[in-house]
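One-letter residues, chain by chain:
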Amino acid sequence: MKIKSIIIFSLGIFLTSFFSNAQKAVFEKDEFKQWAQTPPMGWNSWDCYGPTVEEHEVKANADYMALNLKKFGWEYIVVDIRWFVENDKAGGYNQKDPRYVIDQYGRYLPAVNRFPSAKDNQGFKPLADYIHKKGLKFGIHIMRGIPKKAVEDKLPIKGANGVTADQVYTTALQCEWLKDNYTILADKPGAQEYYDSIFELYAQWGVDFIKIDDLSRPYHEGEINLIRNAIDKCGRKIVLSTSPGETPISAAAHVTTHANMWRMVDDVWDTWPHITHLMDVAQKWYPHIAPGTWPDCDMIPLGRISVRGERGEDRMTRLTKDEQYTLITFFNIFKSPLFFGGDLPSNDDFTLSLLTNKEVVKMHNESTNVKQLFHKDGKIAVTSKNPKDGSVYLALFNISDTDSQNVSVSLSDLGIAGFAGGINMWTGEKLNVSSKEVSVTLKPHSSVLYKLKSKK
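Residues numbered from 1 in each chain as written. Predicted model: local features only at pLDDT ≥ 70, side-chain atom pairs only at ≥ 80, totals over all residues. Heavy atoms only, no water.

As named in an unreviewed UniProt entry, the protein is Alpha-galactosidase, taken from Flavobacterium chungangense. Listed in UniProt under the heading Sequence similarities (unreviewed entry), the comment for the protein reads: "Belongs to the glycosyl hydrolase 27 family." (UniProt positions renumbered as here; feature names shortened; annotations may be inferred.)

Given below as structure tokens:
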């Protein structure tokens, strides 16, 4: 009996250790979700500077954010596409004779003529240090895959025991709109090592956020796995954003366990059809809004955009004020990551007000249980709740083009047994509500955002 007891005791220790290690492995696998418990908020250079942004412009936007937006939760400064090309241009990429900056291991480096602090092989570290000293975080954009130049020159892959770039690529599924890179064959020796090598470099630079393009449509599961592995091994917390949409809903289980945010649609510009298309596609993603993993509405095309951009001339956003409220209200109640696309130093007071409303920021950070109540006949209702103070949030939209419409929601559908007051979150005005419903008449393309209280 004593021997049997020892065996049972030993087996118990083994099983306890096994399940403990299994739980630890699961925690480690999902640890990246802790890096973005609330939806990331920041600035991205794409909408205003396309592929041509320069260091002084990045610093100017960081300075503005630190002074005006940081206290509201805005923190990321992201350098978008092709920072490694010396002679790119706005209004369509220079694919005729691009001058790439690349190291001996096939890894892109910042173009020094655009980012002077990158001289002497310092990369983005000096710029990241500048941004970090302001209490902000630094991000970059890359294309998936391995550079064509690395393949053509048969450059060695760091840490891959002699494997060269020409041994891990395929021309299949090459990006249709930008031909800098080839697809990486995920099962080839050296494939993981290439992604490991670039994230090792980015970690050394101090990168906190990475947006990876041509990854979601079609959905490149193999390369996403390589990227997730590389980030997890690099020793730095780097938030992963996959781009662009439409990310297939069939990939929801995979993307929610590998990325912090993923694009639902292609680029959202300052036209009304872009907004209504986004709202339509978003319907399928409400069940997947969760801490650490966020469906992404794209950058916010407000303020001054296309300074040297890809769509149209230098301008303030073409959206009317009603449409701007509708866009920013939807992004916030949906809990999308918020990445402002305009040139921040060019903001007017109205644009700044859309980014610094304390009640709206609180909702964006703290709300849970986001759900759509209806989306029909040009009317949309979206609600969420704040578990900290019991508030119920309600956004109502009239997306029709011609007619004012009455949009109403019953208090019972909001889980409110007795109404105890509310406010319009944009104006601060107190809300009068009937005993049974919230109702408002909205002009075309307009919206309201309410915070409601229920009697205890």
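Having seen the model, we can carry on.
**With respect to the overall build of the protein**
For the protein, the helix and strand inventory stands at 12 helices and 20 strands. Relative to the compact-globule value of 23 Å for 456 residues, the protein shows a C-alpha radius of gyration of 24 Å, a close match. Each principal axis of the C-alpha atoms in the protein carries an extent, and together these give about 85 × 75 × 40 Å. When burial is assessed residue by residue, the protein has 55% of its 456 residues classed as buried. Of the contacts formed within the protein by residues at least 6 apart in sequence, a portion of 73% connects residues at least 24 apart. (Helix = DSSP H or I, 4+ residues; strand = E, 2+ residues; numbered from the N terminus. Rg over C-alpha atoms; globule rule 2.2 N^0.38 Å. Buried < 20%, exposed > 50% of the residue type's maximum accessible area, 1.4 Å probe, protein only. Contact = heavy atoms within 4.5 Å.)

**Some words on the sheet that holds strand 13 (residues 338-340)**
Strand-to-strand pairing in sheets goes through backbone hydrogen bonds, with the strands running parallel or antiparallel. The strand order 10-9-8-7-3-2-1-13 describes an open sheet built from 8 strands, whose pairing is parallel. Pairing within the sheet leaves two strands with one partner each, and these edge strands are strand 10 (294-296) and strand 13. The average angle at which neighbouring strand axes cross in this sheet is 25°, direction not considered. Against the sheet, helix 3 (residues 55-69) engages strand 1 (41-44) and strand 2 (76-79), with an angle of about 165° to strand 2. (Pairing = 2+ DSSP bridges. Axes fitted to C-alpha atoms, helices over the stretch in contact; angles between N-to-C directions.)

**Describing the confidence of the model for the protein**
The pLDDT averaged across the protein works out to 93; a share of 94% of its residues lies at or above 70. This model gives residues 1-27 a pLDDT under 50, and the stretch forms 0 contacts once residues within four places in sequence are excluded. (pLDDT = per-residue confidence, 0-100.)

**Structural notes on the pattern of salt bridges**
On inspection of all chains with the given rule, the structure shows 30 salt bridges. One salt bridge connects Lys-443 with Asp-322, and the closest N-O pair in it is separated by 3.3 Å. Linking Lys-443 in the loop between strand 19 (437-442) and strand 20 (446-454) with Asp-322 in helix 10 (residues 321-333), this pair joins segments that are 121 residues apart in sequence. Of the charged contacts, one joins Asp-389 and Lys-453 as a salt bridge, the two residues approaching to 3.9 Å between their closest N and O atoms. Residue Asp-389 is found in the loop between strand 15 (379-385) and strand 16 (392-398), and its partner Lys-453 is found in strand 20; the two are separated by 64 residues along the sequence. (Salt bridge = Lys/Arg side-chain N within 4 Å of Asp/Glu carboxyl O.)

**As for the environment of Pro-110**
Turning to its location among the elements, Pro-110 is positioned in the loop between strand 2 and helix 4 (125-132). Classification of Pro-110 by relative accessible area gives buried; the value is 2%. Taking the C-alpha atoms as reference, Pro-110 lies 20 Å from Tyr-182; in sequence the two are 72 residues apart.

**Focus: the side chain of Asp-213**
Locating Asp-213 in the fold gives a position in strand 7 (residues 209-213). The side chain of Asp-213 is buried and forms no salt bridge, while Lys-211, the nearest opposite charge, is found at 5.0 Å. Ignoring anything within four residues of it in the chain, the contact list for Asp-213 reads Ile-81, His-141, Ile-142, Met-143, Arg-144, Trp-177, Ser-243 and Pro-244. (Lys, Arg positive; Asp, Glu negative; His and termini not counted.)

**Things to note about the sheet that holds strand 15**
If you trace the 5 strands from one edge of the open sheet to the other, you get 14-15-16-20-18, paired in antiparallel fashion. Both edges of this open sheet fall to strand 14 (368-376) and strand 18 (419-424), since each of them pairs with a single strand only. Shown here is a sheet whose adjacent strand axes are inclined to one another by a mean of 20°, direction ignored. Pairing analysis gives 7 bridges linking strand 16 to strand 20, with the strands arranged antiparallel. Paired with Ala-395 across the bridge in strand 20 is Leu-449. The sheet contacts of helix 10 involve strand 14, strand 15, strand 16 and strand 20, and relative to strand 20 the element is tilted by about 45°.

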